[in-house]
Structures are given as C-alpha cells and as structure tokens.
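Take a look at the letters that make up each chain.
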Amino acid sequence: MPAGEGFSAEQRHDIDRAIRAAETVSRYEFSVFVGPSTGEAGPFARRLHAALTSPDRSVLVFVDPAARILEIITGSVVRRDLSDDAVRLAAVAMQSAFAQGDLVGGIKRGLAQLSEAAAQPRTLHADA
Amino acid sequence: MTEATDAASTSKVRNGYPACVITHPTRTARRLLTVVSATLVVVLAPVAAQAAVPDAWDDPPKVSGLDFLLVLFLIPLGIALVISVLAALPSMIGDKGYEPGQSWRSQPEWFGGPRQGVEATDGTDARALEGEQGGTSARW
C-alpha cells in the first residue's frame, strides 16, 4: 500500500483511542468501518453491525469517504439510552467535519458525542 | 545629388528595405568584437595577474586542474546535494496517512470489528435484527 492512501499509524492510533474512550464513557461497544460498501450503504452497514460480537450493545459507525456516505447503526439495547435524535445530532457534527476534509477528526468527534449521549442516565420520572 | 540617389537605390536593392531605412552592416561585426574581447579579458586576466606575482613572494603552490574542479565545484555540489536530500528526507519517509481531499483508495478498515473482517458479514442475517437496529444515515 503506497504511503498517503490509507490511515497512518498515528491516525489509526487516534481512532483506536477514541473508540476506547467512547466505550469507557458509555459502557457500550463502538466500532468504526471506513471504506466502500458492497451494495447499498444502508443494508451493508446493518450487516456489518449484525456481524459484531454483541450487536444489541454495539454502535457501528460506517464511513465511506469516496461516496461521502455516513451511516450510524445502534443496537436494540443501546437504543434505549441513545435515541435516534441524539444519533442524528452526532451525525451532523461528523458531517460538518467530513465536509471540511477532516476524516479522523470527524470520527473522533462523532464517537465522543455518541458516547456522551449514550452515557446520560435515563430519566425515569416523566412528570417532573 | 545623383550620386546620393544612386547610392540609395543600390542599398535598396541590396538589403530589400526602402532607402529611408538606415542599416548598419558593421553592427554585427562590432558586437562580435565586443563579445570576443570581453571573453578574452575575463579568461586571460587571471593569467596576467598570475604573471605579476612579485619576486619577493613565495611561489604559489601548484594547483592541478583536478584539485581546482574538486574544491570549487565537486565539494560545493556534494554539500548542496547532501543538504537537499536531508531536507527532502522527512517528507519521503513520513507516512502522512489519509489527507483531506484525497479519494479513499486504500483497503477498507474496520476498527473494533470481528477478526475475519468484512467476510464475517457473510454468515450474518441482518433481517434477524430488522426493526431492532436504530441509527441514522447522512451524506456530505
């Protein structure tokens, strides 16, 4: 692989560290896939998520830099803490970073925001 | 008067210009002379200076043509080459990774994924999780 095409060791380390930090904060599992999808991006990302060790407790972030597609898939257990609205907010933050060409920064920011949102304790009393 | 017109007509015939255009056939020769004399002065002046070493001085050491080349050209060129290589080295060996604006031509990378990589998706049935998965999709 010629230099400058994939991630450098430093960038890989950055993403690994961001994943570990997100898992520590939220107690859920995070996974990041960067690359093209075979077939349609949505179903492909769902299949990637289903292939994880414990899909119910996992969040998959799929980024296709060439096609400029971002997919975030959350498992059924994660969904209780991480609403789709919160995921959408994180996606917007990632979008703006990606649009500036900051791939690694966008992934790190998205992971941080997703884990923060997932870590918020659920309000069990609706009538406050 | 007639001589003047004659001269004008002959020059017109010779150079193809109308008679009113004054040409200077000697200009090229003069230019050539200037160049040759300037070259001679530049080339021969050191010889003349060398010849003028006073008797009381020590004899200047003999410098062979090879030494002259070595000291004045090869060593400076060598130093310049080494410095340029040193300057270009970091960008040649440094793996800068993915840079903004590049298209992604590398292998897909899966952080925190199963060990088999993308092949692991072959056995999975995403439909089993249909309706349970949440999330969003976006483009930029």
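Since we're looking at a predicted model, the values are computed, not measured. Every chain's residues receive numbers from 1 upward, in the order its sequence appears when written. Whichever chain is written first becomes A and whichever ligand is written first becomes 1, with later ones labelled in order. Under the rules for a predicted model, residues below a pLDDT of 70 receive no local features and side-chain atom pairs below 80 are neither given nor counted, while totals for whole chains, interfaces and linings still include all residues.

Draft legend 1. Main features of the overall build of chain B. Within chain B one finds three helices and two strands. Here a residue counts as buried when 20 or more other C-beta atoms sit within 10 Å of its C-beta, as exposed when there are 12 or fewer, and as partly exposed otherwise, the C-beta atoms being derived from the backbone. Relative to its 140 residues, chain B shows a buried fraction of 6%. A helix here means a DSSP run of H or I that spans at least four residues, while a strand means a run of E at least two residues long, and both kinds are numbered starting from the N terminus.

Draft legend 2. Highlighting the confidence of the model for chain B. All names here are of chain B. Along the chain, pLDDT gives the predictor's confidence residue by residue, from 0 to 100. For chain B, per-residue confidence averages 78 on the pLDDT scale, and residues scoring 70 or more make up 72% of the total. At the level of individual helices and strands, chain B shows its lowest average pLDDT in helix α1 (residues 2-15), which scores 51, and its highest in helix α3 (residues 65-93), which scores 91. Placing a C-beta atom from the backbone of each residue, one calls two residues in contact when those atoms lie within 7 Å. Contacts of residues 7-11 to residues separated by more than four positions or lying in other chains number three contacts, the stretch itself having pLDDT below 50.

Draft legend 3. Representation of the nonpolar core in the model. All names here are of chain A. Core analysis: the largest hydrophobic core is formed by 40 residues, its most contacted members being Leu 60, Val 61 and Ile 107. Of all elements in the fold, only α1 (9-26), β1 (29-34), α2 (41-50), β2 (58-64), β3 (69-74), α4 (84-99) and α5 (103-119) reach the threshold of two or more residues within this core. Among the elements that make up this core, the one with the highest residue count is α5 (six residues). Each residue touching Ile 107, except ones within four places of it in the same chain, is listed here: Ile 15, Ala 18, Val 32, Val 61 and Val 63. The term nonpolar core refers to a group of buried residues, namely Ala, Val, Leu, Ile, Met, Phe, Trp, Tyr and Cys, whose C-beta atoms join them within 7 Å.

Draft legend 4. Here's a closer look at α3 of chain B. Residue and element names in this part refer to chain B. Between its first and last C-alpha atoms α3 spans 40 Å; for 29 residues at 1.5 Å apiece the expected length is 42 Å, and the two agree. Its maximal kink placed at Val 71, α3 deviates by approximately 35°. For α3, a buried count of zero out of 29 residues is recorded, marking the element as mostly open to its surroundings. The length a helix should cover is 1.5 Å for every residue beyond the first. To get the bend at a given residue, fit one axis to the seven residues ending there, fit another to the seven starting there, and take the angle between those axes.

Draft legend 5. How the structure looks around the interface of chain A and chain B. The interface of chain A with chain B comprises 54 residues on the first partner and 34 residues on the second. Every element with two or more residues in the side of chain A that touches chain B is listed here: α1, β1, α2, β3, α3 (76-81) and α4 of chain A. For the side of chain A that touches chain B, the per-class residue count stands at 28 nonpolar, 14 polar and 12 charged. The pairing of β1 of chain A with strand β1 (residues 109-111) of chain B spans three bridges and is antiparallel. The residue bridging Phe 33 of chain A from the neighbouring strand is Trp 110 of chain B, located in β1 of chain B. Three classes are used: nonpolar for Ala, Val, Leu, Ile, Met, Phe, Trp, Tyr, Cys and Pro, charged for Asp, Glu, Lys and Arg, and polar for all others, with Gly counted as polar. Any two strands between which DSSP finds at least two bridges are classified as paired.

Draft legend 6. The arrangement of the sheet that holds β3 of chain A in detail. Strand order in the open sheet formed by five strands is β1(B)-β1(A)-β2(A)-β3(A)-β2(B), and the pairing between neighbours is mixed. Only two strands of the sheet have a single neighbouring strand rather than two, namely β1 and β2 (134-139) of chain B. Within the sheet, the average angular offset between the axes of one strand and its neighbour, ignoring direction, is 10°. With six bridges connecting them, β2 of chain A and β3 of chain A associate as antiparallel partners. Following the sheet pairing, Phe 62 of chain A is matched in β3 of chain A by Glu 71 of chain A. What counts as an axis is a line fitted to C-alpha atoms, over the stretch in contact for a helix, and the angles between N-to-C directions run from 0 to 180 degrees. In this fold α1 of chain A packs onto β1 of chain A together with β1 of chain B, with an angle of close to 155° to the strand it touches most, β1 of chain A. With respect to the sheet, α2 of chain A is in contact with β1, β2 and β3 of chain A together with β2 of chain B, its orientation differing from that of β2 of chain A by roughly 140°.

Draft legend 7. Structural context of the packing of α1 of chain A against α5 of chain A. Residue and element names in this part refer to chain A. Running from amino to carboxyl end, α1 crosses α5 at an angle of 5°, the nearest separation of the two axes being 8 Å. Here α1 lies roughly parallel to α5, going by the angle between them. Counted together, Gln 11, Asp 14, Ile 15, Ala 18, Ile 19, Ala 22, Val 25 and Ser 26 of α1 and Val 104, Ile 107, Lys 108, Leu 111, Ala 112, Leu 114, Ser 115, Glu 116, Ala 118 and Ala 119 of α5 form the full contact between these two elements. The residue inventory of the contact of α1 with α5, partitioned by class, reads 12 nonpolar, three polar and three charged. Oblique is the label for any angle not under 35 degrees, not over 145, and not in the 65 to 115 range, which are roughly parallel, roughly antiparallel and roughly perpendicular in turn.

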